[in-house]
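Okay, here's what each chain looks like letter by letter:
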Amino acid sequence: MKIFVLNSGSSSIKYKLFNMDQHLEVVAWGEVEKIGEEISSISLNSIKEKIICSNHHEAFKQIAKQLKKTGILKDFTCLSAIAHRVVHGGSVFSKPVLIDETVTDVIRRMIPLAPLHNSANLEGITAMQHLAPNIKQIAFFDTAFHQSMPASSSRYALPEYYYDTMQIRRYGFHGISHHYLAKESARLLGKPLQICNLITLHLGNGASATAIQNGKSLETSMGFTPLEGLVMGTRSGDIDPGILLYLLNEHDYDAKKLDHILNYQSGLKGLCGINDMREVIQKMQLGEENAKLAFNIFCQKVKQYIGAYIALLGTVDAIVFSGGIGTNSPEVREAVCYNMAALGIILDKEENEKGATFIGHEGEVKILRIKTDEEREMANQSLQFIKESDI
Ligand code: ADP
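What you are looking at is a predicted structure, and each value in this text was computed from that prediction instead of being measured.

Caption draft 1: How the structure looks around the overall build of the protein. A count of helices and strands for the protein gives 15 helices and 13 strands. Radius of gyration (C-alpha) of the protein: 21 Å, near the 21 Å computed for a compact globule of 391 residues. Treating the 40 positive side-chain charges of the protein as one cloud and the 44 negative ones as another, the clouds have centres 4 Å apart.

Caption draft 2: Quick peek at the nonpolar core. Counting 61 residues, the largest nonpolar core has Leu203, Phe298, Ile306 and Val332 as the members making the most contacts within it. Per element, the largest residue contribution to this core is 11 residues, and it comes from helix α11 (residues 289–313). Every residue in contact with Ile306, bar those within four places of it in the chain, is listed here: Ile199, Leu201, Ile319, Val336, Met340 and Ile345. Grouped together as the second largest cluster of nonpolar side chains are 26 residues, Leu17, Ile42, Phe76 and Ala127 included.

Caption draft 3: The packing of aromatic side chains, seen in detail. Overall, the coordinates contain six aromatic pairs when judged by the stated rule. Taking the centre distance of 4.4 Å and the plane angle of 5 degrees together, the rings of Phe93 and Phe141 count as stacked. Separated by 48 residues along the polypeptide, Phe93 in the loop between β6 (79–86) and β7 (97–98) and Phe141 in strand β8 (residues 137–141) bring together distant segments of the chain. Neither residue differs from the other here; Phe93 and Phe141 are each classed as buried. Taken together, a centroid distance of 5.7 Å and an interplanar angle of 70 degrees make the contact between Tyr305 and Tyr309 edge-to-face. Taken together, the residues span about one helical turn, with Tyr305 and Tyr309 both in helix α11 at a distance of four residues.

Caption draft 4: Layout of the packing of helix α2 (residues 101–109) against helix α3 (residues 115–131). Relative orientation of the contacting elements α2 and α3 amounts to 155 degrees, with a least axis distance of 9 Å. Between α2 and α3, the crossing angle belongs to the class labelled roughly antiparallel. Crossing of α2 over α3 shows left-handed handedness. Note on element contacts: α3 touches α2 through Asn118, Leu122, Ile125 and Gln129, opposite Thr104, Ile107 and Arg108.

Caption draft 5: Fine view of the environment of Ala132. Mapped onto the secondary structure, Ala132 falls in the loop between α3 and β8. Once you skip the residues sitting within four places of it in the chain, Ala132 turns out to touch Phe76, Ile82 and Gln137.

Caption draft 6: Region of the structure containing the sheet that holds β6. Reading across from one edge, β5-β4-β3-β2-β1-β6-β8-β7 is the order of the eight strands in this open sheet, with mixed pairing throughout. Of all the strands in the sheet, just β5 (47–51) and β7 have a single pairing partner and so form its edges. Judged from the five bridges that link them, β6 and β8 form a sheet pairing that is parallel. Of the residues in β8, the one forming a bridge with Arg85 is Phe140.

Caption draft 7: The pattern of salt bridges, seen in detail. Inspection of every chain in the model, using the stated rule, returns 16 salt bridges. The salt bridge partner of Arg85 is Glu374, with a shortest N-O separation of 3.4 Å. Remark: Glu374 occurs in helix α15 (residues 374–389) and Arg85 occurs in strand β6; sequence separation between them is 289 residues. The same class applies to Arg85 as to Glu374, namely buried.

Caption draft 8: Summary view of unusual backbone geometry. Its identity is not glycine, yet Lys34 carries a phi of approximately 55 degrees, on the positive side. Along the polypeptide, Lys34 turns up in the loop between β3 (25–33) and β4 (40–44). Residue His174 is not a glycine yet carries a positive backbone phi of 60 degrees. Checked against the element boundaries, His174 lands in the loop between α5 (160–166) and α6 (175–189). With relative accessibility at 11%, the residue His174 sits in the buried group.

Rules used throughout
- Residues numbered from 1 in each chain as written.
- Predicted model: local features only at pLDDT ≥ 70, side-chain atom pairs only at ≥ 80, totals over all residues.
- Heavy atoms only, no water.
- Helix = DSSP H or I, 4+ residues; strand = E, 2+ residues; numbered from the N terminus.
- Rg over C-alpha atoms; globule rule 2.2 N^0.38 Å.
- Lys, Arg positive; Asp, Glu negative; His and termini not counted.
- Charge placed at Lys NZ, Arg CZ, Asp CG, Glu CD.
- Core = buried A, V, L, I, M, F, W, Y, C linked by side-chain atoms within 4.5 Å.
- Buried < 20%, exposed > 50% of the residue type's maximum accessible area, 1.4 Å probe, protein only.
- Contact = heavy atoms within 4.5 Å.
- Phe/Tyr/Trp six-rings, centres within 6.5 Å; stacked < 30°, edge-to-face > 60°.
- Axes fitted to C-alpha atoms, helices over the stretch in contact; angles between N-to-C directions.
- Parallel < 35°, antiparallel > 145°, perpendicular 65-115°, else oblique.
- Left-handed = near helix turned anticlockwise from the far one by under 90°.
- Pairing = 2+ DSSP bridges.
- Salt bridge = Lys/Arg side-chain N within 4 Å of Asp/Glu carboxyl O.

Set out below in structure tokens:
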């Protein structure tokens, strides 16, 4: 039997198909891109072809057709479960849930808090409910892992009214990834997760850091939206909110323009015109000052969060680098860990260059490099969910 793990975005759908019987072996992976555009594309196990595809429902039909044609899956009714990644679960969900009308209502209610993501996630759910009506569908929330944060981490210092009536609080994101990294770190450290203190760094286009105490999220850098915290590809991360007031009051900016600047024109892109860290590093190595500044600000911010999280946690078993940047860039890992010996963080340069898993000096805070696998985490939890709820 197989588990179909889905990540539905506004114009793309990514999936992985896991075989439940063989240690969750991946039997197929694929993607439909540019949904709704004139020409879309579909890929299966990295082989890509062009298609016409106007919406999510159509995209899933094409995926089903391709899986059938290649003999991988007869149809969606052969699945054991379908796992959907959902970005925002508000304060309601702290673990995966079987999708029913109440759950879809909550996901819909959360759309204003994650407009691009939750509406696309819901489209995926609705399409699959039509195409595989009898298969159990499970929702996994990026916010769920951070529901363990105490009020001292989750509340803003705003009047209580905004929390009570508008649920303005810190939710945190990338939770599926941070949870996976926590479990994988515990396994690598040979310690039960329940007694592990970790700082996990998911550094991709979106980037976040999480302080994990005894296996649970204690604090994380993203907040009410995925805009808070670290510098990202095109997002600003932390800035003085006074800047927004200044632009609104003195320069006639409106909310739409601010949204565009903060989400799409800032971060690495704002600083040096490029949002791809690989290119930023290349330009920096060619001596471009703006690229160097973008690199330095990105790394300094990660360093500052590590320092703050060490102060919160007291003791730390490991710092964990992940995400496209964290996994692939020895330059970023070196810059982040530079001059942190006083905090017990000493990078092993050779192991770092080699891209080993353990890249810190023995006896100090361990430094790990782990490729995150959100789909595997969802497949694993689906398996557990199926066992426990006997679906
Ligand atoms: P997303 O958040 O979209 O899932 P990823 O986790 O795939 O993003 O990370 C994308 C980022 O990883 C990009 O900025 C990309 O440049 C960066 N990246 C990938 N490989 C390297 C590399 N070898 N060196 C530096 N950055 C890299």
